[in-house]
Number of protein chains: 2
Amino acid sequence: MADSDYDLFLKNLSKHISLDEKDIEIFTSAFKLKKVKKSEFLLQTGDVCRYEYFVNKGCLRTYTIDPNGFEHILMFSVEDWWAGDMYSFLTQTPALFNIDALEESEVFQIDYPSIELLYKKVPKFERYFRIIIQNSFITQQRRIIQNISSSAEDRFLQFKNKYPDLIERIPQKHIAAYLGITPEFFSVLRKKLEKK
Amino acid sequence: MADSDYDLFLKNLSKHISLDEKDIEIFTSAFKLKKVKKSEFLLQTGDVCRYEYFVNKGCLRTYTIDPNGFEHILMFSVEDWWAGDMYSFLTQTPALFNIDALEESEVFQIDYPSIELLYKKVPKFERYFRIIIQNSFITQQRRIIQNISSSAEDRFLQFKNKYPDLIERIPQKHIAAYLGITPEFFSVLRKKLEKK
DNA sequence: TTCTTAACTTAATCTACATTAATTTTTTCG
DNA sequence: CGAAAAAATTAATGTAGATTAAGTTAAGAA
């Protein structure tokens with residue numbers, strides 16, 4: 001595994017914390033590269049989430065399936081983002097979410113003991129993780145407010161604005177499942193908007 | 001200001017990190033007690049969020065007002081919880097949210113320079129904050145999935161289940177504004193449920 | 001390439017929830 | 001306490017979005 005595999009990941013780390021040679025050594029040995037085939041599961045509801053994943057290539061989705069069999073998407077994770085069922089990972093209890101790959105992907109994975117060890121060995125990694133979670137937390141706050149205050153049309157427009165590339169990259173039905181509407185109604189919305 | 005004022009706060013800290021005498025000294029001097037009257041604002045949309053608040057007594061709400069003048073509540077913060085517009089606080093840019101007190105309240109506040117100093121002086125405080133944010137992040141994930149997958153009735157039942165005491169503590173219209181429905185429809189829902 | 005399956009579209013009908021507006025109940029506070 | 005304001009209820013009507021079902025297009029797989 002060439003060092004260059006870690007380029008994106010190390011660049012992401014260095015956005016938030018400073019890295020010397022020794023840190024790089026520690027990080028690259030703590031994270032393991034994993035290739036994921038399209039549609040392959042990284043986690044299924046009920047299983048314990050053994051790893052947190054940094055996406056190096058491709059696209060993952062984190063979602064639930066309701067009692068009627070419908071899918072609801074919590075998040076998409078493209079390159080340079082993280083994925084994982086945080087609660088399950090931290091408590092090592094059964095996961096609420098499924099995670100699978102929407103494209104052929106590549107991730108760096110780290111398990112729970114390793115991450116706790118990393119916090120101890122390299123305290124600034126704790127800072128890195130706080131910042132990462134903080135940013136996700138802020139993103140989620142905005143999504144919550146949007147969900148309770150805006151129409152599906154507005155939510156879609158804001159999604160389009162925020163993630164313009166994703167729309168052409170993944171099946172539309174997944175965007176509907178993220179917005180909280182049916183694919184049928186999403187189709188109606190899109191037609192209505194292209195007329196404008 | 002008696003040391004006992006800090007009981008709840010120190011107890012909260014010690015749930016997640018160990019504290020010695022010196023830490024306690026540092027924390028109690030970094031956080032300032034503030035009394036908040038009912039309906040008093042701690043933050044208004046457009047202002048910079050100067051402080052993060054730990055609620056020692058009372059209840060705060062964090063919310064937005066949409067272009068039609070309707071309020072939408074992101075969160076309630078009762079005793080032992082935090083409040084603040086994280087994004088505004090971190091970037092010192094105009095806030096998205098309003099924060100006000102639903103009851104006569106008491107908070108411990110800390111400003112941005114002090115919190116960064118605290119991270120440096122007491123690295124485990126960074127750990128504490130990571131854990132606090134992590135927990136909020138997990139709570140938010142569940143709320144997002146609920147919002148996009150459940151009916152208002154289900155969301156209310158789950159709210160009732162999770163925060164049974166809040167329901168009797170604050171005006172119903174605020175619960176409606178949290179669930180993402182109108183007070184009128186909320187009233188219909190409650191009536192329907194009490195018949196069952 | 002063709003076969004099969006999955007994704008998307010369209011339209012008719014249905015329902016959860018919003019809107020408007022009037023009435024009643026509860027809270028606030030001078 | 002009593003007056004005024006805020007909160008909650010009720011009912012009629014309207015609409016965003018769900019459901020059902022059929023048809024079309026696009027994508028994988030042999």
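Located above this text is the structure these notes cover.
Since this is a predicted model, take the numbers as computed values, not measurements.

1. Concerning the environment of Y112(A)
Here's step 1: Residue position: Y112(A) is located in helix α4 (residues 112-121).
Here's step 2: Look past the residues within four positions of Y112(A) in its chain and what remains in contact with it is F89(A) and Q92(A).

2. Considering the relation of the copies chain A and chain B
Here's step 1: Relative to chain B, chain A is turned by 180 degrees and slid 0.0 Å along the rotation axis, the superposed coordinates differing by an RMSD of 0.0 Å. One copy is carried onto the other by what is essentially a two-fold rotation axis. It is R130(A) whose C-alpha, among those of chain A, lies nearest the rotation axis, at 2.3 Å.
Here's step 2: The fraction of interface residues of chain A whose copies in chain B are also interface residues reaches 100%, indicating that both copies meet through the same surface.

3. Regarding helix α9 (residues 183-195) of chain A
Here's step 1: Under the 1.5 Å per step criterion, the end-to-end length of α9(A) is 19 Å for 13 residues, consistent within 8% with the ideal 18 Å.
Here's step 2: In terms of burial, α9(A) is a largely surface element, zero of the 13 residues being buried.

4. So, helix α8 (residues 172-179) of chain B
An α-helical turn contains 3.6 residues, so a residue and the one three or four places further along point in the same direction.
All names here are of chain B.
Here's step 1: Residues of α8 that are buried: I175, A176, A177, Y178 and L179.
Here's step 2: On its buried face, α8 sits against β4 (59-65), β5 (71-78), α6 (152-162), α7 (166-169) and α9 (183-195).
Here's step 3: Backbone geometry just after α8 places G180 at a positive phi near 90 degrees.

5. Re unusual backbone geometry
Residue and element names in this part refer to chain A.
Here's step 1: A positive phi angle, close to 75 degrees, is found at S39, a residue other than glycine.
Here's step 2: With respect to the helices and strands, S39 occurs in the loop between β1 (32-36) and β2 (41-43).
Here's step 3: Taking the number of C-beta atoms within 10 Å as the measure of exposure, S39 has 10 and is therefore exposed.
Here's step 4: For D80, which is not glycine, the phi torsion reads 80 degrees and is therefore positive.

6. Some points on the interface of chain A and chain B
Here's step 1: Across the contact, 25 residues belong to chain A and 25 residues belong to chain B.
Here's step 2: Counting residues per element, the ones that place at least two in the side of chain A that touches chain B are β5 (71-78), α3 (86-91) and α5 (123-149) of chain A.
Here's step 3: Examining the composition of the side of chain A that touches chain B, we find that 18 residues originate from one element, α5(A), more than from any other.
Here's step 4: Of the residues contributing to the side of chain A that touches chain B, the split by class is eleven nonpolar, nine polar and five charged.

7. Digging into the protein's contact with DNA strand C
Here's step 1: Near DNA strand C you find 16 residues, and of these P171(A), Q172(A), K173(A), S187(A) and F185(B) are the closest.
Here's step 2: For the surface near DNA strand C, the elements supplying multiple residues, two or more each, are α8 (172-179) and α9 of chain A together with α6 and α9 of chain B.
Here's step 3: Tallying contributions element by element places α9(A) first for the surface near DNA strand C, with six residues.
Here's step 4: Its residues placed into classes, the surface near DNA strand C shows six nonpolar, four polar and six charged.

8. Focus on the nonpolar core
Here's step 1: In terms of nonpolar packing, the biggest core is built from 88 residues, with Y53(A), L60(A), L74(A), Y53(B), L60(B) and L74(B) touching the most fellow members.
Here's step 2: Excluding residues that lie within four positions of it along the chain, L60(A) makes contacts with L42(A), V55(A), S77(A), A83(A), I99(A), D100(A), A101(A), L102(A) and S105(A).

9. Details of the pairing of strand β7 (residues 98-101) of chain A
All names here are of chain A.
Here's step 1: Pairing of β2 with β7, which is carried by two bridges, proceeds in the antiparallel orientation. By the bridge assignment for β7, F41 is matched with D100.
Here's step 2: Sheet topology note: the strand β4 (residues 59-65)/β7 ladder contains four bridges and is antiparallel. Residue pairing in the sheet places R61 in a bridge with D100 of β7.

10. Here we look at the protein's contact with DNA strand D
Here's step 1: Taken together, the neighbourhood of DNA strand D is formed by 16 residues, with F185(A), P171(B), Q172(B), K173(B) and S187(B) sitting nearest.
Here's step 2: When contributions to the surface near DNA strand D are tallied by element, the ones reaching two or more residues are α6 (152-162) and α9 of chain A together with α8 and α9 of chain B.
Here's step 3: By residue number, the principal contributor to the surface near DNA strand D is α9(B), which donates six residues.
Here's step 4: Split into classes, the residues belonging to the surface near DNA strand D amount to six nonpolar, four polar and six charged.

11. Overview of the sheet that holds β5(B)
The strands that make up a sheet are held in pairs by hydrogen bonds between backbone atoms, and each pair lies either parallel or antiparallel.
Residue and element names in this part refer to chain B.
Here's step 1: Taken in spatial order, the four strands make up an open sheet running β2-β7-β4-β5, and their pairing is antiparallel. Sheet topology places β2 (41-43) and β5 at the edges, where each strand pairs with a single neighbour. Adjacent strand axes in the sheet meet at a mean angle of 25 degrees, parallel and antiparallel pairs treated alike.
Here's step 2: On the sheet, α8 packs against β4 and β5 and is oriented at approximately 110 degrees with respect to β5.

The rules behind the values
Residues numbered from 1 in each chain as written. Chains lettered and ligands numbered in written order. Predicted model: local features only at pLDDT ≥ 70, side-chain atom pairs only at ≥ 80, totals over all residues. Helix = DSSP H or I, 4+ residues; strand = E, 2+ residues; numbered from the N terminus. Contact = placed C-beta atoms within 7 Å. Least-squares fit on C-alpha atoms with pLDDT ≥ 70 in both. Expected span 1.5 Å × (residues − 1). Buried ≥ 20, exposed ≤ 12 C-beta atoms within 10 Å, placed from the backbone. Nonpolar A, V, L, I, M, F, W, Y, C, P; charged D, E, K, R; others polar. Near = placed C-beta within 6 Å. Core = buried A, V, L, I, M, F, W, Y, C linked by C-beta atoms within 7 Å. Pairing = 2+ DSSP bridges. Axes fitted to C-alpha atoms, helices over the stretch in contact; angles between N-to-C directions.

By themselves, these are just geometric observations and shouldn't be taken as functional.
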